[in-house]
Protein chains: 4
Amino acid sequence: MRATRLAIMLAAAMACGPLSAREAVTYSANVTEAEVLAAQQAWGQALVSISKAYESGGRTAATELAGKVIDEAYGYNLGPVLFKPTLTQAPQTFRTTRDGALAYFVGGDEDYPNDTGFALKGWTKVEIRNAAIHINGDLASTMGNVILTNKDGTTTTVDKTWNFKKTDDGKLRIVLHHSSLPYSN
Amino acid sequence: MRATRLAIMLAAAMACGPLSAREAVTYSANVTEAEVLAAQQAWGQALVSISKAYESGGRTAATELAGKVIDEAYGYNLGPVLFKPTLTQAPQTFRTTRDGALAYFVGGDEDYPNDTGFALKGWTKVEIRNAAIHINGDLASTMGNVILTNKDGTTTTVDKTWNFKKTDDGKLRIVLHHSSLPYSN
Amino acid sequence: MRATRLAIMLAAAMACGPLSAREAVTYSANVTEAEVLAAQQAWGQALVSISKAYESGGRTAATELAGKVIDEAYGYNLGPVLFKPTLTQAPQTFRTTRDGALAYFVGGDEDYPNDTGFALKGWTKVEIRNAAIHINGDLASTMGNVILTNKDGTTTTVDKTWNFKKTDDGKLRIVLHHSSLPYSN
Amino acid sequence: MRATRLAIMLAAAMACGPLSAREAVTYSANVTEAEVLAAQQAWGQALVSISKAYESGGRTAATELAGKVIDEAYGYNLGPVLFKPTLTQAPQTFRTTRDGALAYFVGGDEDYPNDTGFALKGWTKVEIRNAAIHINGDLASTMGNVILTNKDGTTTTVDKTWNFKKTDDGKLRIVLHHSSLPYSN
């Protein structure tokens, strides 16, 4: 009889004790808001660090550090990054390759003759003001203002958009970065 | 001079006050563990409710309720659902259509002559014991035991796997459901 | 004996004929490149259409059409949209609400006094040149140039980033849109 | 004047030639149906290979190969795998760890005394018949029958569900696997 076949003893069920819903292990590949905010802060700190490395060790030190920052914080290991830096112009507006990103941050690359090194401008502080944040699986998008302070105390505000992707190692990487100066008429 | 062009006044930055990271609105399409556990509980309660509807209102009442439950809790509105119920057999093992699911739960469909109505078996309690949970974007997967108690106090344990998808309306829907009796040699 | 219990007859297997891998139904929630390119074209055509509606029916006609376009092509029904239009300024740079988007496109909203209506500028043609495209589940990101031609034949190039999300109804919606004039030093 | 500021020369636009939509690089993290079907075939071939390794090299050879297969084809490197093998029983039904999976496939592990080695049963052919397939970002789900043939020509049909996750290296890994013998009343 089917009812008999279906009947599994309570004793057996009790043996499954460790598998209660409360104790179950949950593995998530998703990004959290806290991770996004931390990744933004890390980007700001990295920019300040490259400026400091430039002051103390010149372009060589800055370039070495910037290379590490790009490898750590950007997703060039995954594929082309959608990067439109604040100050680039046609025909080199978009920096989908690691070389293009490094040239933008520290200059000194003859293939990118207009790049003077954005990260070398003596930045001392970076403040991030998000208009809103989207989280969609392992991808998070932010848009808002970033206020950069340099050693003279001058501030520069940019409109900035980021897409961060959480990779399998649990790190967030920038896979899209569009930065622009505010429109002025 | 570029430095001059870059300089945006602190006053302007201050005007952006509302956009602090802390106050930014975060919109997430992701499933949470709490939502998954709630959807599992809802499934169990729905099964018990259909059993009760059958007792008080017969197959007509049970079928009406089961239809609502399927429309609410399963993803047949999205496409074929990967549903392997506990007691189905070839050539009707897999119930990728709404009709096939409804027939399994309440029987009475001549196209599914072997279906007697799994939800009509007098279930009074459903306990869920997750072995582990995966969360991947808007999709969550669970695997574990589900222990069903009927009105005689007999329990039936099944091995059950679910994929829940969070749809745009914020609801979780079952898009994959594999249930099987424990193996016995 | 286990071997006996395991043995399922070939006859039964044959009965499963319809379920061959080749014939199986595949349901995908993912965005395709073709859908992304089509959504970009649709955005351009919509902009041109609003310009035409303005010419023939004035701001009333343009506003009505723009409202439909926003409801169709943007994701304000999902939550705040990350929208930084080309010509907006602090403190109204970011248009996370539908009202803010509509004001930008057609103006005439006293809450957005600086908006004159970007879509009313006589656009006749929109060309899109992608630097690269990312596809990540139901989300696609594009970055590149958009070249707008108006009725005088003047062209305007903008640097533009979009995130499109494919919703459950199969439509792509813009959930992030960052547009900026090229940097000039 | 705004119109002047907006006007970007056609010449500049022409310089962006390489960035046409058609030539843009598209990077996708999504699973394709072809990848899913290939991963299923690879699983079947691996099972046959372990059986062959057992015949020619005994349990040592089979265990070595099975370990490689698990490391290659399953996602234990990501977290707990939701694995309910065909023939396991409480309290060791679910094999969320690599050790539990290896024990199931090749036996010989005193911590899993009931495991005799499913992959050692002389399998010579594996046929997969999908009822349907879901694709959701980097995750694909399949459900259907798998028909296993052993060297005696006996076939065993199982009801099988898989979730495959495409990891950052482009490989598909099984993160969920529920297999069960068909229900018989």
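In this text, all values refer to a predicted model and were calculated from it rather than measured experimentally.

Thresholds, definitions, all that
Residues numbered from 1 in each chain as written. Chains lettered and ligands numbered in written order. Predicted model: local features only at pLDDT ≥ 70, side-chain atom pairs only at ≥ 80, totals over all residues. Heavy atoms only, no water. Helix = DSSP H or I, 4+ residues; strand = E, 2+ residues; numbered from the N terminus. Buried < 20%, exposed > 50% of the residue type's maximum accessible area, 1.4 Å probe, protein only. Contact = heavy atoms within 4.5 Å. Pairing = 2+ DSSP bridges. Axes fitted to C-alpha atoms, helices over the stretch in contact; angles between N-to-C directions. pLDDT = per-residue confidence, 0-100.

Caption draft 1: Here's a closer look at the overall build of chain A. The helix and strand tally for chain A stands at four helices and six strands. Starting at the N terminus and ending at the C terminus, chain A contains elements arranged as α-α-β-α-β-α-β-β-β-β. Burial analysis of chain A (185 residues in total) assigns 57% to the buried set. Relative to all contacts within chain A whose residues are 6 or more apart in sequence, the contacts with residues 24 or more apart total 49%.

Caption draft 2: Representation of unusual backbone geometry in the model. Put simply, C:Ala90 and C:Pro91 share a cis peptide bond, and its omega is 5°. Considering the arrangement of structural elements, one finds C:Pro91 in the loop between strand 2 (82-84) and helix 4 (98-106).

Caption draft 3: Spatial organisation of the sheet that holds strand 3 (residues 123-136) of chain A. The mixed open sheet is built from six strands, whose spatial order is 2(A)-6(A)-5(A)-4(A)-3(A)-1(B). The open sheet is flanked by strand 2 (82-84) of chain A together with strand 1 (25-28) of chain B, the only strands paired with a single partner. Averaged over neighbouring strand pairs, the angle between their axes works out to 30° when direction is ignored. One ladder, built from four bridges, connects strand 3 of chain A with strand 1 of chain B; its direction is parallel. Across the sheet, residue A:Ile133 finds its bridge partner in strand 1 of chain B, namely B:Thr26.

Caption draft 4: Local environment of the environment of C:Val175. Structurally, C:Val175 is set in strand 6 (residues 172-180). Taking the relative accessible area as the measure of exposure, C:Val175 reaches 6% and is therefore buried. Through-space distance from the C-alpha of C:Val175 to that of C:Ala53 is 25 Å; in sequence the pair is 122 residues apart. If near-sequence neighbours (up to four positions away) are discounted, C:Val175 is found in contact with A:His134, C:Gly75, C:Leu78, C:Val81, C:Leu82, C:Leu139, C:Asn163 and C:Lys165.

Caption draft 5: Representation of the confidence of the model for chain A. The predicted model of chain A averages 89 in pLDDT, with 88% of residues at 70 or higher. For the stretch residues 1-22 of chain A, pLDDT sits under 50, and the model shows 43 contacts to residues farther than four places along the chain or on other chains.

Caption draft 6: Focus on helix 4 (residues 98-106) of chain B. All names here are of chain B. Among the nine residues in helix 4, seven count as buried, and that is most of the element. The set of residues buried in helix 4 consists of Gly100, Ala101, Leu102, Ala103, Tyr104, Phe105 and Val106. The inward-facing, buried residues of helix 4 contact helix 3 (33-73) and strand 2 (82-84). Following helix 4 by one or two positions, Gly107 has its phi on the positive side, about 65°.

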